[in-house]
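Breakdown of the fold
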2 protein chains.
Amino acid sequence: MTEQTRFDLPQSAIPTAWYNALPDLPEPLAPPLHPGTREPVGPDDLAPLFPMALIEQEMTGAPWIDVPGEVLDILRLWRPTPLVRARRLEQALGTPARIYYKDESVSPAGSHKPNTAVPQAYYNKLDGTKRLTTETGAGQWGSSLAFACAQFDLECKVYMVRASYEQKPYRRMLMETWGSTVVPSPIDDPSHPGSLGAAISDAVRDAVGREDTHYSLGSVLNHVLLHQTMIGIEAKEQLAKAGESHPDVVIGSCGGGSNLGGIALPFMTDSRVRLLAIEPSSCPTLTEGKFDYDFGDVAGMTPLMNMYTLGHDFVPPSIHAGGLRYHGDSPVISLLVHAGRMEAAAYPQSKTFDAAVQFARSEGKIPAPETGHAIRGVIDEALRCKEEGRDEVLLFNYSGHGFLDLSAYDDYNKGRLLDA
Amino acid sequence: MTEQTRFDLPQSAIPTAWYNALPDLPEPLAPPLHPGTREPVGPDDLAPLFPMALIEQEMTGAPWIDVPGEVLDILRLWRPTPLVRARRLEQALGTPARIYYKDESVSPAGSHKPNTAVPQAYYNKLDGTKRLTTETGAGQWGSSLAFACAQFDLECKVYMVRASYEQKPYRRMLMETWGSTVVPSPIDDPSHPGSLGAAISDAVRDAVGREDTHYSLGSVLNHVLLHQTMIGIEAKEQLAKAGESHPDVVIGSCGGGSNLGGIALPFMTDSRVRLLAIEPSSCPTLTEGKFDYDFGDVAGMTPLMNMYTLGHDFVPPSIHAGGLRYHGDSPVISLLVHAGRMEAAAYPQSKTFDAAVQFARSEGKIPAPETGHAIRGVIDEALRCKEEGRDEVLLFNYSGHGFLDLSAYDDYNKGRLLDA
């Protein structure tokens, strides 16, 4: 009798409400501040950028938010996603721990990002928006928004960090295939390699300047993490199907915080569950940053948020996990770490690729470099369990596949990977 | 009430036997002939290349073959695969047809190929083989065998068509990440761009020359199509779950014939079902080839097979659907076409990309260029249904994703695609 490794939910079991962590946080979230007046921002301050439905979701104290049917119709193309027990990895490690991962790589764009791209496109469509702008680094977010805009017939313009635009053209091609326009950022300085913070400035400037245009952000903000909670809500139900009462540790990689928040927040109020953020040691926001107000972008155009930050002018070294190269972090995630509810650890790039390749050879799938960080964390927890003889349940977010990051694996295979 | 679009089977419903089409063919298959004597080959003639279990599967008249538990353990990492109703594509086309696709892109290598790579590696391991050689064009097959060999700790050496090795390095990186060795072919002529037929010669020569080594082929042969029948067996059960008594048309792209055979053969004995092969008009084996004995490779080292062929020295133009660039075809598929049980149609490259992009924008997923051929076929059938006002059930094989073929989409998006 062979043992089950996949715990699927029927399409009809897709969550119909998002979990709002705000009312359950250990302490209230400090409000964002207006970049000019440094006073708390109100809904009207955000109206040039976002439709009112998203602004309400950003601030609401309601514990659950209904998911519109039109959004569910599209999310159902790939949701519920599989929960997989990584038995072959467990065997390779010789650990008594039981390792589960939530496979968010099955979406059309290959990551968890469409979970929020779809509702963001929907609420904008409903609001009469004709056009969305956004920024993207390696392209995970930009391609997800391009997919979502194609579903709702919205125009989409993506400002892509120039270094990625030139060196990693594949997600640019993906965005264009879904009908979006992609330009390298910063637009006013063709000699600059660009940064996420600078691309945010470009996209915000474009949106503010046009009546028909709004701006869309793929991480950091409360409503983004809210949309991602589908991941953890499904995982909880699937773990129960697997006969597990609760995970002992929930692990995710952390850049802006959305994939980690998505899987971790639904377990936040369960004190039996440790929550663990993994970040690159070259961009150690949670482990070495300052907990303070800072801008979300380089130019200082966004509201100031209370978060862990390395300074909005910090330029992280060019690692392959482009999605984790952000100077700040989600205020919700930052608060959880600051309050001691969530732990954080940082790893150099080479250690995360060691883990990613071990996963690829045992479980078969090639993870995105960002996901490699979560896998590094889970392998180290599994080895701790082995040392301590503990059969803990470890749950991590398999946030995306690495099919568009194979040049990074080539660098690793050929010994060219640098620990920037 | 939203309508269901995904018809999933539980992991426990994975087929435990493969369907053998040989005894049900409209007429007996002509035997392969020895390249030297031109006499029918016996099992011993094939023993330098394949383990006896696979040779038996190549020739058996048994209607069903049990799948070993060790093979099921690995296939269950992604099987059963989803059956999806493409409602958004139906809407975009305004067709009364109901379009279903079997999503084989969810395997670790991103295509249907691991369905046979895993049992081939398994039977070799069981036979004491230490090392496998194979050829690959764009790399779909080579990467699948690399994945399978990693699961059974077998060495794997892949001879990759030189033009692909140099211009499309990503699947090479995938193979290396799974621990395989990849070299450009032909090995004895670094100035030659290579071909599938020449790479087969290289791989066969290597295997014949070493005691510890066998050869592995990813399409054409009977045992390969046998392993792929999981696709159609699952699809039949899933269509029943969707409330459909049978498909009216089953459609697949056709290069060597394995993805088409996999989905079509389990419907072969149902006379209500039309079977349809789609091939590139630049390599029109079924539509313009000769039904005759020919070699499988350029050098004339393989047995002669009775099949549709363009001549074993035919070099197809360099289209993006590398998996469809083969001078011959599966003898089983060839026989079905010759006997009038299966239809075939050929399309130029640009028409298949029109279809692939229409699919990507409506259903979200980016298909492999090979899969784009099947989608062209299904769209044209759906438009026929619209014209005739018929609500037929169309089933096609979504044989692989296009994440590693985005440069082809870039050519299409930029108007650079040639109808070679």
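Reading the values: rules and limits
Numbers given for residues are sequential positions, taken from 1 along each chain in its written order. Following the order in which they are written, the chains are lettered starting with A and the ligands numbered starting with 1. For this predicted model, a pLDDT threshold of at least 70 governs which residues receive local features, and a threshold of 80 or more governs which side-chain atom pairs are given and counted, while totals over whole chains, interfaces and linings are taken from all residues. Only hydrogens and water are set aside when side-chain values are computed; all heavy atoms of the structure are taken into account. In DSSP terms, a helix is any run of H or I states spanning at least four residues, a strand is any run of E spanning at least two, and both are numbered starting from the N terminus. The cut-offs for exposure are 20% and 50% of the maximum accessible area for each residue type, with area from a 1.4 Å probe on protein chains only; residues under the lower value are buried, those over the upper are exposed, and the others partly exposed. Whether two residues are in contact is decided by their heavy atoms: any pair within 4.5 Å suffices. A least-squares fit on C-alpha atoms brings the copies together, and the residues used are those whose pLDDT is at least 70 in both copies. Segmentation of the chain into domains, including their bounds, is taken from an automatic or database domain assignment. Throughout, the accessible surface (probe 1.4 Å) given up by two parts as they are put together, summed over both, is called the buried area. Salt bridges, as used here, are contacts in which a Lys or Arg side-chain nitrogen is within 4 Å of a carboxyl oxygen on Asp or Glu. Each polar contact in these results corresponds to two N or O atoms within 3.5 Å; when the atoms are within protein, one needs to be able to donate a hydrogen and the other to accept it, and residues that are neighboring in sequence are counted only if both atoms are side-chain atoms.

Residue and element names in this part refer to chain A. For Pro40, the location among the structural elements is in the loop between strand E2 (17-19) and helix H1 (43-46). A residue is classified by how much of its surface remains accessible, and Pro40, at 47% relative accessible area, is partly exposed. Between the alpha carbons of Pro40 and Leu304 there is a distance of 9.1 Å; along the sequence they are 264 residues apart. Non-local contacts of Pro40, meaning those with residues more than four positions away in its chain, are made with Pro31, Pro32, Leu33 and Asp45.

Next up on the list: the relation of the copies chain A and chain B. Take chain A, turn it by 180°, move it 0.0 Å along the axis, and it overlays chain B with an RMSD of 0.0 Å. Such values leave the two copies arranged in the relation of a two-fold axis. Closest approach to the rotation axis within chain A is made by the C-alpha atom of Phe403(A), at a distance of 3.2 Å. In this assembly the copies share their binding face: 100% of the residues contributing to the interface of chain A also contribute to that of chain B.

What follows covers the environment of Gly232(B). Here Gly232(B) shows up in helix H11 (residues 230-241). Other than its neighbours up to four places away in sequence, Gly232(B) contacts Gly262(B), Ile263(B), Pro266(B) and Phe267(B).

Okay, the domain arrangement of chain A next. Residue and element names in this part refer to chain A. Looking at chain A, the domain boundaries give domain 1 (50-69 + 113-222) and domain 2 (78-111 + 229-413). Placing a centre on the C-alpha atoms of domain 1 and another on those of domain 2 gives a separation of 22 Å. If you look at the interface, domain 1 gives 28 residues, while domain 2 gives 32 residues. Here domain 1 and domain 2 share an interface that buries about 2400 Å² over both sides, 63% of which is from carbon and sulfur atoms. Taken together, domain 1 and domain 2 are joined by one salt bridge. Here Arg171 ties to Asp405 by a salt bridge, and the two come within 3.2 Å at their closest N and O atoms. Our count for the contact surface shared by domain 1 and domain 2 stands at ten residue pairs in polar contact (both at pLDDT 80 or more). For the side of domain 1 that touches domain 2, the secondary structure elements donating two or more residues are helix H5 (114-126), helix H6 (140-151), helix H8 (170-177) and helix H9 (196-208).

With that settled, the discussion passes to the interface of chain A and chain B. Contacts between the two partners involve 45 residues from chain A and, on the opposite side, 45 residues from chain B. Together chain A and chain B conceal approximately 4100 Å² of surface at their shared face, both sides included; 51% is due to carbon and sulfur atoms. Ranking the residues of chain A by area buried against chain B places Arg6(A), Thr177(A) and Phe403(A) at the top, with a combined share of 17%. Our count for the chain A to chain B interface comes out at four salt bridges. The interface formed by chain A and chain B contains 24 residue pairs in polar contact (both at pLDDT 80 or more). Elements with a minimum of two residues in the side of chain A that touches chain B: helix H3 (69-75), H6, H8, helix H15 (349-363) and helix H17 (406-413) of chain A. Among the elements that line the side of chain A that touches chain B, the one with the most residues is H8(A), at six residues.

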